[in-house]
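# Analysis of the macromolecular model
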Amino acid sequence: MAIAQPKFIYQIFPIQVNEVRQQIQVVGTTFAFTGQDAYNHLQKAEKVALLVTTLGIAIEKKIRQYEVMDLTKALILDTCGTAYIEEVCNRAECQIEADSAATGLFLNRRFSPGYGDCPLSCQKDFLTVMQAQQRLGLTLTESNLMIPRKSVTAFSGLFQVKEDARPRRKRLECLDCSLNACTYRRGGKTC
Amino acid sequence: MLVTEYLATHPLLFDGAMGTMLQKNGLPIGGQPEYFNLSHPDIVQKIHEEYVQAGCDVISTNTFQANGTKIPSADLPEIIAKGVALAKAAHPKFVAYDMGPIGQLLAPVGTLSFEAAYDYFKEQACLAEAAGADLILIETMSDLFEMKAAILAVKEHTQLPVFATMTFQEDQRTFLGTDAVTATLTLQGLGVAALGVNCSLGPAALTPIVKEMLRYAKVPVIVQANAGLPEMRGETTYFPTEVKEYTAELQGLLAAGIRIIGGCCGTTPAYIANLRNLLDESQTVTAVPREKTTAITSGATTVHLNQQLSVIGERLNPTGKKRLKEAIVTEDMTYIFKEALQQVNAGADILDVNVGLPEIDEAAMMKTVVTGIQEITTVPLQIDSSSIPAIEAGCRYYNGKPLLNSVNGKEESMAAIFPIAKKYGAVVLGLCLDEAGIPETAAGRVAIAEKIIQRAAEYGIEKADIMIDPLVLTASAQQEQVQVTLDTLRLLKDQLGVCTVAGVSNVSFGLPERETLTSHFLAAAVGAGLDAPILNPLSPIIANTITSLKVINGQDKEAKHYIANSRPVVLTEKTTTNKADEGIHGTLKEYIVQGRKAEAVDKIRELLATLSPLSVVNQEFIPALDGIGHQFEKGEIFLPQLIQSAESVKAAQEVLKSHLDGVEKTDTSQGRILLATVEGDIHDIGKNIVKMMLENYGFDVLDLGKDVPVEKVVATLATEEIRLCGLSALMTTTVQNMKRTIAAVKAANLDVTFFVGGAVLNEEYRAFVDADYYAKDALESVEIAQAFFAEE
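Let me begin by describing the structure that accompanies this report.

Let us now look at the overall build of chain B. Helix and strand content of chain B: 31 helices and 25 strands. For chain B, the C-alpha radius of gyration of 30 Å lies close to 28 Å, the compact-globule estimate for 792 residues. Residues classed as buried in chain B amount to 57% of the 792 residues present. Carbon and sulfur atoms form 52% of the exposed surface of chain B, whose accessible area is close to 30900 Å². Across chain B, the 64 positively charged side chains and the 98 negatively charged ones have centroids separated by 3 Å.

Have a look at this one:
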């Protein structure tokens, strides 16, 4: 088995904005986004693209082997896995963009459960709607951690008007990351 | 009529998809289909009836994930009873209770315990039997280990036959890496009534997987494919395989020998009606000859012991090994795992696992070691113990078809071991000895082997699942018996045609240059018919013999491996002298700073000839570590360099440790610290780095690993009387468990100081979880520990 077996699935759904409850309902499903950040992110959107990506389980075994035999390699492979899965997301996003462009819609920046006030607890419904276990072998622990660990869930809004598609797609910034103690953190205070 | 009786003379037709049919009838995406049994029974029953009208023999209940993690336990009895009742109301020949995966991954890769998974399955199976289901269909499984928990739960609590299907990807493996042959051997070993594939791919893509299963399956094979791999078209899911194509593919598979068919996602009553016609037109059941093999598996590999020379690594056995013994007693899993991986890297095909020590709970330790090793390697294991509970624990928590070591010709041994071997589908290793001891003649030993094979058959264990050990005696004590072993091997092959195994190292016990004698005996034994020698693959001399033998028997095609791995072996000179000639000119300090592990190890050996261990620590380790620590803090070096230096220290410390074993034991510990990655969290690289740094600085670390239950932290702190504890958590969600852990320790009135770390941790979270210190990196952990024990 190859160490990394990158796979992704995405699906585009219409949305309904519930102003009273400040929720975004994903039409045709049991899933709704809660929290102010997701609401702001999708409020003006026509549709939402749900994306799930994973590198698969084999890399877990390799990292654990290295943890036993050579911790430096474990750390580096683990980090490579993180960088790799982000790149898989970038590629998937390009495909979603192409799909959207075909229907005249514009994409904003992708956002993930766990960012801001978008709760990790929404992972359960997110993954169920996407049938992520059957289609990607992705599972969730009681504490809402995804296994395989090198997996990402994300969503982007699809907008009629280009100017509404904000925040624009761009690289994530250090400040968006929760690794406060990172040596390489730029553009803000480190804790 | 029982479904198994019917199946003996008929093919069997299952129904098609339920989920996609429910979605067409108003179930929102992401909605729980099982609740439809209560809220929309008419719709569920109508779908069942449509399938019965289409001609299926078996209806699967609408209960795919009716398990305790998805549905509150209070609702389960009603949902399951109703599910079975709705299926019965459609009047099929048989009702299969449908049981899918729980949705969480089992430990140690995931966090769900085997026992918890078992209980979720048991709960369903009991309710299903009470409601009147005829069989249990365990389906869409990716994890062989979870499948095993489900099969055991059903078989240990109900009388129902089990049909088991797994779901495969385009690489012909499940998501967890199980291949078709491994699945087949393991599942039939566990006693399922039928096995096969379902979901994910269409029938054409599944064909090669199914054909592999048919080669070894002794029970009927099932195919319930999707109507092709689902594709997204705009906002709808589309299944590309049409009825006609689906039917044609299944026709081919029926001809190849499958006995049970049906549909999965995307199939409809129209598909089932066509399959009915197909079965009615071709009444005959194709009987396929099964290949017999003596094989064991892990969760992802099968080793066919009758088709190759297989090396069983012997090193995971504490007999005569002080350091391993200490590691087992202190549960130093890293050391144990390293022993395992080194043997795998040196070419072991199978690892023997023996943790037999009188002072420990052997069965519990066997479970820990077997599951732990299976997390890091795919090599199958040999469960080795003289304790029946330890053997049973090893087989139960083993992911795959195990090799059981051992049974012998004594009535008592056979009566205890064979039921376990049968239940878990193990290949069992039989020793040629009985109540009268070890026969001195080859004929005598073969007679015992025959007895073992005959008695096993009475338990339903076939000869292919037996390996015979002729027993190797030491040349120094009973020289004439060495030839008897070789003669026995020949007779076992000629007269019984059975697979053979033997621990070859024993031959040289008590003699000088053991590896030379052992390797020559090994060659003679393989020549006489030995299939699986148990030996030390880390010995270069023995490894070279194995490499050569694989050229001779044609296993190493074109001698590729031999050529790639050829290495000269110096028989008389110690390798260290050779390296000294090349020169180790640097200081230990330099090697540590540069992270040169191998040189650091050689250098410390040299230093220990003249210096005391304590002065090596004080003059070399500590200044080197302080130096790199300083560089790290100033940002001159980064984490990988820091770790490499720390690893060099660790490797050198191992040398120091074995050196100390030889002389008087002095307590050099700077203090004891407990480390754990909290419950629910499986990210532990950071914790492992902290552990290594603390050990570098002389602290004695008790590492409980990852996903450590709150109670275990409390209990260990109490019994070990440890006063400093480091906890790690990566995610904000698991920081909650850190808080719970600390609160539980305080509630138990233990005087423990806590330091915490992990990606999301900061000073605020430290206060939130009520810890004493926040350590932003491994070096700060060291400073905290130093300050703590200085105050003590």
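Text resumes after the structure shown.
Before going further, it helps to spend a moment on the overall build of chain A. Within chain A one finds five helices and eight strands. Starting at the N terminus and ending at the C terminus, chain A contains elements arranged as β-β-β-α-β-α-α-β-α-α-β-β-β. Put simply, chain A has 191 residues, and 50% of those count as buried. For chain A, restricting intrachain contacts to residue pairs at least 6 apart in sequence, the fraction spanning at least 24 positions comes to 69%. Accessible area of chain A: about 8800 Å², with a carbon and sulfur share of 50%.

A separate point is the state of the cysteines. All names here are of chain B. According to the stated counting rule, one finds zero disulfides over all chains in the structure shown. Between C56, a free cysteine, and C264, which holds the nearest cysteine sulfur, the sulfur-to-sulfur gap is 14 Å. Under the relative-accessibility criterion, C56 is labelled buried at 6%.

For the rest of this paragraph, the subject is the sheet that holds strand β1 (residues 7–18) of chain A. Two modes of strand pairing occur in sheets, parallel and antiparallel, and in both the strands are linked by backbone hydrogen bonds. All names here are of chain A. If you trace the six strands from one edge of the open sheet to the other, you get β3-β2-β1-β4-β8-β5, paired in antiparallel fashion. Pairing within the sheet leaves two strands with one partner each, and these edge strands are β3 (32–33) and β5 (106–107). In the sheet, β1 pairs with strand β2 (residues 23–26) via four bridges, with the strands oriented antiparallel. Bridge assignment links V17 to a residue of β2, and that residue is I24.

Here the focus is the pattern of salt bridges. Evaluation of the coordinates by the stated rule reveals 48 salt bridges over all chains. Residues R91 of chain A and E87 of chain A are paired through a salt bridge, measuring 3.4 Å at the closest nitrogen-oxygen approach. Here R91 of chain A pairs with E87 of chain A, and both are found in helix α3 (residues 71–102), just four residues apart, close to one helical turn. Given a relative accessible area of 56%, R91 of chain A falls into the exposed group. Of the charged contacts in the structure, one is a salt bridge between K603 of chain B and E606 of chain B, with a shortest N-O distance of 3.3 Å. Here E606 of chain B and K603 of chain B lie together in helix α24 (residues 597–607), a separation of three residues that amounts to about one turn. Accessibility expressed as a relative area gives 10% for K603 of chain B, which makes it buried. On the basis of relative accessible area, E606 of chain B is assigned to the partly exposed category, the value being 42%. Taken together, the shared-partner salt bridges connect R64 and E67 of chain A together with E375, D684, K687, K691, D703 and K706 of chain B into one network.

Quick look at helix α5 (residues 76–89) of chain B now. Residues and elements named next belong to chain B. Spanning 14 residues, α5 covers 20 Å between terminal C-alpha atoms, matching the ideal 20 Å at 1.5 Å per step. Of the residues making up α5, those classed as buried are L76, I79, I80, G83, V84, L86 and A87. In an axial view of α5, the angular spread of the buried residues amounts to 160 degrees, which keeps them on one side of the axis. Looking at the buried positions of α5, the neighbouring elements they touch are α3 (36–39), α4 (41–54), β2 (58–60), β3 (94–99) and α6 (114–131).

Right, let's talk about the interface of chain A and chain B for a bit. The interface is formed by 49 residues belonging to chain A together with 60 residues belonging to chain B. Contact between chain A and chain B buries roughly 4800 Å² in total, counting both sides, with carbon and sulfur atoms accounting for 62%. When the buried surface of chain A facing chain B is broken down by residue, R64, M69 and L71 of chain A rank first, second and third, together holding 13% of it. Between R64 of chain A and D684 of chain B there is a salt bridge whose closest N-O contact spans 3.1 Å. Counting every contact that joins chain A to chain B gives 15 residue pairs in polar contact (both at pLDDT 80 or more). Counting residues per element, the ones that place at least two in the side of chain A that touches chain B are β1, α2 (58–69), α3, α4 (123–129), α5 (132–136) and β6 (139–140) of chain A. For the side of chain A that touches chain B, the element with the most residues is α2 of chain A, which contributes seven residues.

Right, let's talk about the side chain of T741 of chain B for a bit. With respect to the helices and strands, the residue T741 of chain B is situated in helix α29 (residues 732–747). If near-sequence neighbours (up to four positions away) are discounted, T741 of chain B is found in contact with V678, V710, V713 and L727 of chain B.

Another aspect to go through is the packing of aromatic side chains. Evaluated as defined, the whole model comprises 16 aromatic pairs over all chains. For the pair F418 of chain B and Y459 of chain B, a centre-to-centre distance of 5.5 Å together with 45 degrees between the ring planes defines the contact as tilted. Of this pair, F418 of chain B sits in helix α16 (residues 411–424) while Y459 of chain B sits in the loop between α17 (442–458) and β18 (466–469), and the two are 41 residues apart along the sequence. Owing to a relative accessible area of 0%, F418 of chain B belongs among the buried residues under this scheme. Over the ring of Y66 of chain A we find K62 of chain A; its NZ or CZ atom is 5.3 Å from the centre of that ring. We note K367 of chain B situated over the ring of Y397 of chain B; from NZ or CZ to the ring centre the distance is 4.5 Å.

Around the barrel, eight strands lie side by side as β13-β14-β15-β16-β17-β18-β19-β20 (chain B); this closed barrel has parallel pairing. Contacts from helix α14 (residues 362–376) of chain B reach β14 (350–353) and β15 (381–384) of chain B within the one sheet, and its direction differs from that of β15 of chain B by about 175 degrees.

Right, let's get into the side chain of D143 of chain B. Residue position: D143 of chain B is located in the loop between β4 (135–141) and α7 (144–157). Notably, D143 of chain B is buried but unbridged: the nearest opposite-charge side chain belongs to K61 of chain A, and the N-O separation is 9.5 Å. A polar atom in the side chain of D143 of chain B sits 2.9 Å from the backbone nitrogen of F145 of chain B.

Attention now goes to helix α28 (residues 710–720) of chain B. Residue and element names in this part refer to chain B. All of the buried residues in α28 are V710, V713, V714, T716 and L717. Buried residues along α28 cover an arc of 170 degrees about the axis, so they all sit on one side. Opposite its buried face, α28 presents the exposed residues E711 and T719, each directed more than 90 degrees away. Among the structural elements, β21 (672–677), β22 (700–703), β23 (724–728), α29 and β24 (753–757) are those in contact with the buried residues of α28. E721 occupies a position one or two residues after α28 and carries a positive phi of about 55 degrees.

So, how was this worked out
- Residues numbered from 1 in each chain as written.
- Chains lettered and ligands numbered in written order.
- Predicted model: local features only at pLDDT ≥ 70, side-chain atom pairs only at ≥ 80, totals over all residues.
- Heavy atoms only, no water.
- Helix = DSSP H or I, 4+ residues; strand = E, 2+ residues; numbered from the N terminus.
- Rg over C-alpha atoms; globule rule 2.2 N^0.38 Å.
- Buried < 20%, exposed > 50% of the residue type's maximum accessible area, 1.4 Å probe, protein only.
- Areas by Shrake-Rupley, 256 points an atom, 1.4 Å probe, with all protein chains shown as cover.
- Lys, Arg positive; Asp, Glu negative; His and termini not counted.
- Charge placed at Lys NZ, Arg CZ, Asp CG, Glu CD.
- Contact = heavy atoms within 4.5 Å.
- Disulfide = S-S within 2.5 Å.
- Pairing = 2+ DSSP bridges.
- Salt bridge = Lys/Arg side-chain N within 4 Å of Asp/Glu carboxyl O.
- Expected span 1.5 Å × (residues − 1).
- Arc of directions from axis to C-beta.
- Buried area = accessible area lost by both parts, 1.4 Å probe.
- Polar contact = N/O pair within 3.5 Å; in protein donor to acceptor, adjacent residues only side chain to side chain.
- Phe/Tyr/Trp six-rings, centres within 6.5 Å; stacked < 30°, edge-to-face > 60°.
- Lys NZ or Arg CZ within 6 Å of the ring centre and 35° of its normal.
- Axes fitted to C-alpha atoms, helices over the stretch in contact; angles between N-to-C directions.

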